[in-house]
Amino acid sequence: NAGVTQTPKFRILKIGQSMTLQCTQDMNHNYMYWYRQDPGMGLKLIYYSVGAGITDKGEVPNGYNVSRSTTEDFPLRLELAAPSQTSVYFCASIAGTENYEQYFGPGTRLTVT
Amino acid sequence: GEDVEQSLFLSVREGDSSVINCTYTDSSSTYLYWYKQEPGAGLQLLTYIFSNMDMKQDQRLTVLLNKKDKHLSLRIADTQTGDSAIYFCAERAGNNRKLIWGLGTSLAVNP
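### What to know about the pattern of salt bridges
For step 1, the next point in the chain: Counted according to the given criterion, the structure contains seven salt bridges over all chains.
For step 2, the next point in the chain: The partner of Arg77 of chain A in a salt bridge is Glu79 of chain A, with the nearest N and O atoms 3.2 Å apart.
For step 3, the next point in the chain: A residue is classified by how much of its surface remains accessible, and Arg77 of chain A, at 30% relative accessible area, is partly exposed.
For step 4, the next point in the chain: In this structure, Lys68 of chain B engages Asp69 of chain B in a salt bridge whose closest nitrogen and oxygen atoms are separated by 3.7 Å.
For step 5, the next point in the chain: Residue class for Lys68 of chain B comes out exposed when judged on its relative accessible area of 74%.
For step 6, the next point in the chain: With a relative accessible area of 46%, Asp69 of chain B lands in the partly exposed category.

In C-alpha coordinates form, the structure reads like this:
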(Lines give C-alpha, C1' and ligand atoms only; values in the text may rest on other atoms or scores of the structure.)
Protein backbone atom coordinates (compact mmCIF):
# COMPACT_ATOMS: atom_id res chain seq x y z
CA ASN A 1 0.00 0.00 0.00
CA ALA A 2 1.20 3.52 -0.78
CA GLY A 3 -0.77 4.87 2.21
CA VAL A 4 -1.75 8.54 1.93
CA THR A 5 -0.27 10.41 -1.01
CA GLN A 6 -0.41 14.13 -1.69
CA THR A 7 0.42 16.18 -4.74
CA PRO A 8 2.07 18.52 -5.39
CA LYS A 9 4.87 18.59 -2.81
CA PHE A 10 5.53 22.29 -3.32
CA ARG A 11 3.67 25.12 -5.02
CA ILE A 12 3.98 28.87 -5.31
CA LEU A 13 0.80 30.76 -6.13
CA LYS A 14 0.14 34.39 -6.89
CA ILE A 15 -2.57 36.20 -4.92
CA GLY A 16 -5.97 35.47 -6.45
CA GLN A 17 -4.96 32.29 -8.24
CA SER A 18 -6.73 28.99 -7.66
CA MET A 19 -5.46 25.49 -7.19
CA THR A 20 -6.43 22.03 -6.01
CA LEU A 21 -4.37 20.01 -3.57
CA GLN A 22 -4.78 16.32 -4.24
CA CYS A 23 -5.01 13.62 -1.59
CA THR A 24 -5.46 9.91 -2.21
CA GLN A 25 -5.41 6.94 0.12
CA ASP A 26 -5.42 3.28 -0.85
CA MET A 27 -6.31 1.82 2.55
CA ASN A 28 -10.10 1.98 2.05
CA HIS A 29 -10.39 4.38 4.96
CA ASN A 30 -13.73 6.08 5.45
CA TYR A 31 -12.53 9.13 7.35
CA MET A 32 -10.29 11.73 5.74
CA TYR A 33 -9.01 15.07 7.02
CA TRP A 34 -7.28 18.21 5.79
CA TYR A 35 -5.05 20.15 8.17
CA ARG A 36 -2.86 23.19 7.80
CA GLN A 37 0.28 23.69 9.82
CA ASP A 38 1.69 27.21 10.08
CA PRO A 39 5.34 27.68 11.05
CA GLY A 40 5.94 26.77 14.69
CA MET A 41 2.29 25.95 15.19
CA GLY A 42 0.20 22.86 15.63
CA LEU A 43 -2.41 21.47 13.29
CA LYS A 44 -5.61 23.29 12.42
CA LEU A 45 -8.42 21.22 10.94
CA ILE A 46 -9.80 22.69 7.70
CA TYR A 47 -12.35 20.11 6.54
CA TYR A 48 -13.04 16.47 7.12
CA SER A 49 -15.13 13.71 5.60
CA VAL A 50 -16.64 10.59 7.13
CA GLY A 51 -17.35 8.91 3.82
CA ALA A 52 -17.94 9.45 0.13
CA GLY A 53 -20.41 12.26 -0.42
CA ILE A 54 -20.15 13.59 3.15
CA THR A 55 -17.96 16.54 4.19
CA ASP A 56 -17.94 18.86 7.17
CA LYS A 57 -16.14 22.01 8.26
CA GLY A 58 -13.31 22.03 10.73
CA GLU A 59 -11.85 24.98 12.67
CA VAL A 60 -10.58 27.05 9.71
CA PRO A 61 -12.69 26.33 6.57
CA ASN A 62 -12.86 29.86 5.14
CA GLY A 63 -11.19 30.18 1.75
CA TYR A 64 -11.29 26.42 1.07
CA ASN A 65 -13.63 23.88 -0.44
CA VAL A 66 -13.58 20.09 -0.53
CA SER A 67 -15.37 17.26 -2.23
CA ARG A 68 -15.47 13.51 -1.64
CA SER A 69 -16.82 11.73 -4.67
CA THR A 70 -14.92 8.51 -3.97
CA THR A 71 -13.57 6.78 -0.87
CA GLU A 72 -10.01 7.18 -2.12
CA ASP A 73 -9.85 10.87 -3.03
CA PHE A 74 -10.34 14.01 -0.97
CA PRO A 75 -9.16 17.09 -2.91
CA LEU A 76 -8.85 20.52 -1.27
CA ARG A 77 -9.62 23.55 -3.41
CA LEU A 78 -8.32 27.08 -2.88
CA GLU A 79 -10.38 29.47 -4.99
CA LEU A 80 -8.75 32.88 -4.47
CA ALA A 81 -5.36 32.38 -2.87
CA ALA A 82 -4.34 34.85 -0.17
CA PRO A 83 -0.98 35.26 1.64
CA SER A 84 -2.67 34.03 4.84
CA GLN A 85 -3.00 30.63 3.16
CA THR A 86 0.76 30.19 3.02
CA SER A 87 1.22 27.02 5.03
CA VAL A 88 1.98 23.32 4.92
CA TYR A 89 -1.11 21.25 4.20
CA PHE A 90 -1.47 17.71 5.48
CA CYS A 91 -4.05 15.16 4.49
CA ALA A 92 -4.81 12.29 6.87
CA SER A 93 -7.09 9.28 6.96
CA ILE A 94 -8.47 6.94 9.60
CA ALA A 95 -9.78 3.44 9.27
CA GLY A 96 -12.47 4.19 11.82
CA THR A 97 -11.32 1.33 13.99
CA GLU A 98 -11.28 1.75 17.73
CA ASN A 99 -7.92 3.38 18.31
CA TYR A 100 -8.48 6.05 15.66
CA GLU A 101 -4.87 6.13 14.43
CA GLN A 102 -4.49 8.86 11.81
CA TYR A 103 -2.25 8.16 8.83
CA PHE A 104 -0.68 11.30 7.39
CA GLY A 105 0.47 12.19 3.92
CA PRO A 106 3.88 13.86 3.42
CA GLY A 107 2.38 17.34 3.07
CA THR A 108 2.14 20.09 0.45
CA ARG A 109 4.14 23.26 1.10
CA LEU A 110 2.21 26.20 -0.37
CA THR A 111 3.47 29.77 -0.65
CA VAL A 112 1.15 32.57 -1.76
CA THR A 113 2.90 35.78 -2.84
CA GLY B 1 -13.92 24.07 25.55
CA GLU B 2 -11.52 21.33 24.58
CA ASP B 3 -7.84 22.21 24.81
CA VAL B 4 -4.51 20.40 24.78
CA GLU B 5 -1.40 22.14 26.07
CA GLN B 6 2.28 21.27 25.80
CA SER B 7 5.51 23.03 26.56
CA LEU B 8 7.07 24.24 23.32
CA PHE B 9 10.73 23.26 23.72
CA LEU B 10 12.86 20.65 25.44
CA SER B 11 16.61 20.19 25.20
CA VAL B 12 18.41 17.09 26.49
CA ARG B 13 21.81 15.47 26.18
CA GLU B 14 22.25 12.30 24.19
CA GLY B 15 21.81 9.27 26.43
CA ASP B 16 19.64 11.10 28.98
CA SER B 17 15.91 10.52 29.38
CA SER B 18 13.45 13.00 27.90
CA VAL B 19 10.06 13.69 29.43
CA ILE B 20 7.49 15.56 27.36
CA ASN B 21 4.36 16.68 29.16
CA CYS B 22 0.83 17.39 28.00
CA THR B 23 -2.34 18.52 29.75
CA TYR B 24 -5.85 18.25 28.40
CA THR B 25 -9.20 19.56 29.54
CA ASP B 26 -11.82 17.10 28.31
CA SER B 27 -12.51 14.50 30.98
CA SER B 28 -14.41 12.35 28.47
CA SER B 29 -11.22 11.63 26.50
CA THR B 30 -11.10 8.03 25.37
CA TYR B 31 -7.74 7.85 23.60
CA LEU B 32 -4.62 9.97 23.96
CA TYR B 33 -1.88 9.93 21.38
CA TRP B 34 1.72 10.89 20.85
CA TYR B 35 2.78 11.70 17.30
CA LYS B 36 6.28 12.47 16.04
CA GLN B 37 7.07 14.89 13.22
CA GLU B 38 10.56 14.92 11.76
CA PRO B 39 11.70 17.99 9.78
CA GLY B 40 9.92 18.32 6.45
CA ALA B 41 7.78 15.24 7.03
CA GLY B 42 4.25 14.35 8.02
CA LEU B 43 3.21 13.09 11.44
CA GLN B 44 3.67 9.50 12.50
CA LEU B 45 1.91 7.81 15.38
CA LEU B 46 4.40 6.89 18.11
CA THR B 47 2.08 5.41 20.65
CA TYR B 48 -1.35 5.83 22.19
CA ILE B 49 -3.02 5.01 25.47
CA PHE B 50 -6.61 4.19 26.25
CA SER B 51 -8.15 6.22 29.03
CA ASN B 52 -8.63 3.23 31.34
CA MET B 53 -4.87 2.66 31.48
CA ASP B 54 -2.31 4.42 33.68
CA MET B 55 0.83 3.40 31.89
CA LYS B 56 1.97 1.94 28.62
CA GLN B 57 5.52 0.89 27.76
CA ASP B 58 6.88 0.23 24.30
CA GLN B 59 10.65 -0.30 24.10
CA ARG B 60 12.24 3.09 24.93
CA LEU B 61 8.89 4.84 25.24
CA THR B 62 6.81 5.07 28.42
CA VAL B 63 3.47 6.84 28.49
CA LEU B 64 1.98 7.84 31.83
CA LEU B 65 -1.60 9.00 32.20
CA ASN B 66 -2.94 10.78 35.28
CA LYS B 67 -6.67 11.07 34.67
CA LYS B 68 -7.33 12.98 37.87
CA ASP B 69 -4.97 15.79 36.84
CA LYS B 70 -5.64 15.30 33.10
CA HIS B 71 -1.92 14.98 32.53
CA LEU B 72 -0.15 12.83 29.97
CA SER B 73 3.60 12.35 29.64
CA LEU B 74 5.94 10.67 27.20
CA ARG B 75 9.28 9.45 28.47
CA ILE B 76 11.99 8.53 25.99
CA ALA B 77 14.79 6.53 27.58
CA ASP B 78 18.37 6.78 26.30
CA THR B 79 17.49 9.68 23.98
CA GLN B 80 19.33 9.63 20.66
CA THR B 81 20.01 12.36 18.11
CA GLY B 82 17.51 10.62 15.84
CA ASP B 83 14.81 11.42 18.40
CA SER B 84 15.14 15.14 17.60
CA ALA B 85 11.71 16.08 16.27
CA ILE B 86 8.46 17.76 17.22
CA TYR B 87 6.20 15.65 19.43
CA PHE B 88 2.47 16.26 19.34
CA CYS B 89 -0.01 15.22 21.98
CA ALA B 90 -3.60 14.65 20.79
CA GLU B 91 -6.82 13.49 22.38
CA ARG B 92 -9.99 11.94 21.13
CA ALA B 93 -12.98 12.82 23.26
CA GLY B 94 -15.82 10.35 23.41
CA ASN B 95 -16.98 9.23 19.98
CA ASN B 96 -15.77 12.37 18.22
CA ARG B 97 -14.47 11.88 14.73
CA LYS B 98 -11.86 14.60 15.26
CA LEU B 99 -8.73 14.77 17.34
CA ILE B 100 -7.77 17.78 19.44
CA TRP B 101 -4.07 18.60 18.97
CA GLY B 102 -1.48 20.31 21.11
CA LEU B 103 0.95 22.78 19.52
CA GLY B 104 3.84 20.33 19.71
CA THR B 105 7.05 20.13 21.75
CA SER B 106 10.29 20.58 19.86
CA LEU B 107 12.87 18.15 21.26
CA ALA B 108 16.52 18.96 20.66
CA VAL B 109 19.06 16.25 21.47
CA ASN B 110 22.58 17.51 21.98
CA PRO B 111 25.59 15.22 21.50
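### Topic: the interface of chain A and chain B
Many authors give the size of an interface as the accessible area that is lost as the parts come together.
For step 1, the next point in the chain: Across the boundary between the two partners, chain A contributes 19 residues, which contact 19 residues of chain B.
For step 2, the next point in the chain: Taking both sides of the interface into account, the surface hidden between chain A and chain B amounts to around 1,700 Å²; carbon and sulfur atoms contribute 57%.
For step 3, the next point in the chain: Linking chain A with chain B are zero salt bridges.
For step 4, the next point in the chain: Our enumeration of links across chain A and chain B arrives at three residue pairs in polar contact (both at pLDDT 80 or more).
For step 5, the next point in the chain: Within the residue set of the side of chain A that touches chain B, elements represented by two or more residues are strand S4 (31-37), strand S5 (43-51) and strand S10 (102-104) of chain A.
For step 6, the next point in the chain: Of the residues contributing to the side of chain A that touches chain B, the split by class is 12 nonpolar, five polar and two charged.

### Notes on the side chain of Thr79 of chain B
All names here are of chain B.
For step 1, the next point in the chain: Within the fold, Thr79 resides in the loop between strand S8 (71-76) and strand S9 (85-93).
For step 2, the next point in the chain: The class for Thr79 is buried, based on a relative accessible area of 0%.
For step 3, the next point in the chain: Residues in contact with Thr79, not counting those within four places in the same chain, are Val12, Arg13, Glu14, Gly15, Asp16, Ser17, Ser18, Arg60, Leu107 and Val109.

### Quick word on the pairing of strand S3 (residues 18-24) of chain B
All names here are of chain B.
For step 1, the next point in the chain: With burial as the criterion, only one face of S3 is covered, namely that bearing Ser18, Ile20, Cys22 and Tyr24; the residues Val19, Asn21 and Thr23 on the opposite face remain uncovered.
For step 2, the next point in the chain: Pairing geometry for strand S1 (residues 4-6) and S3, over three bridges, is antiparallel. For Gln6, the partnering residue across the bridge sits in S3 and is Cys22.
For step 3, the next point in the chain: Across six bridges, the pairing between S3 and S8 is antiparallel. When the bridges of S8 are listed, Val19 appears paired with Arg75.

What counts as what
Residues numbered from 1 in each chain as written. Chains lettered and ligands numbered in written order. Predicted model: local features only at pLDDT ≥ 70, side-chain atom pairs only at ≥ 80, totals over all residues. Heavy atoms only, no water. Salt bridge = Lys/Arg side-chain N within 4 Å of Asp/Glu carboxyl O. Buried < 20%, exposed > 50% of the residue type's maximum accessible area, 1.4 Å probe, protein only. Contact = heavy atoms within 4.5 Å. Buried area = accessible area lost by both parts, 1.4 Å probe. Polar contact = N/O pair within 3.5 Å; in protein donor to acceptor, adjacent residues only side chain to side chain. Helix = DSSP H or I, 4+ residues; strand = E, 2+ residues; numbered from the N terminus. Nonpolar A, V, L, I, M, F, W, Y, C, P; charged D, E, K, R; others polar. Pairing = 2+ DSSP bridges.

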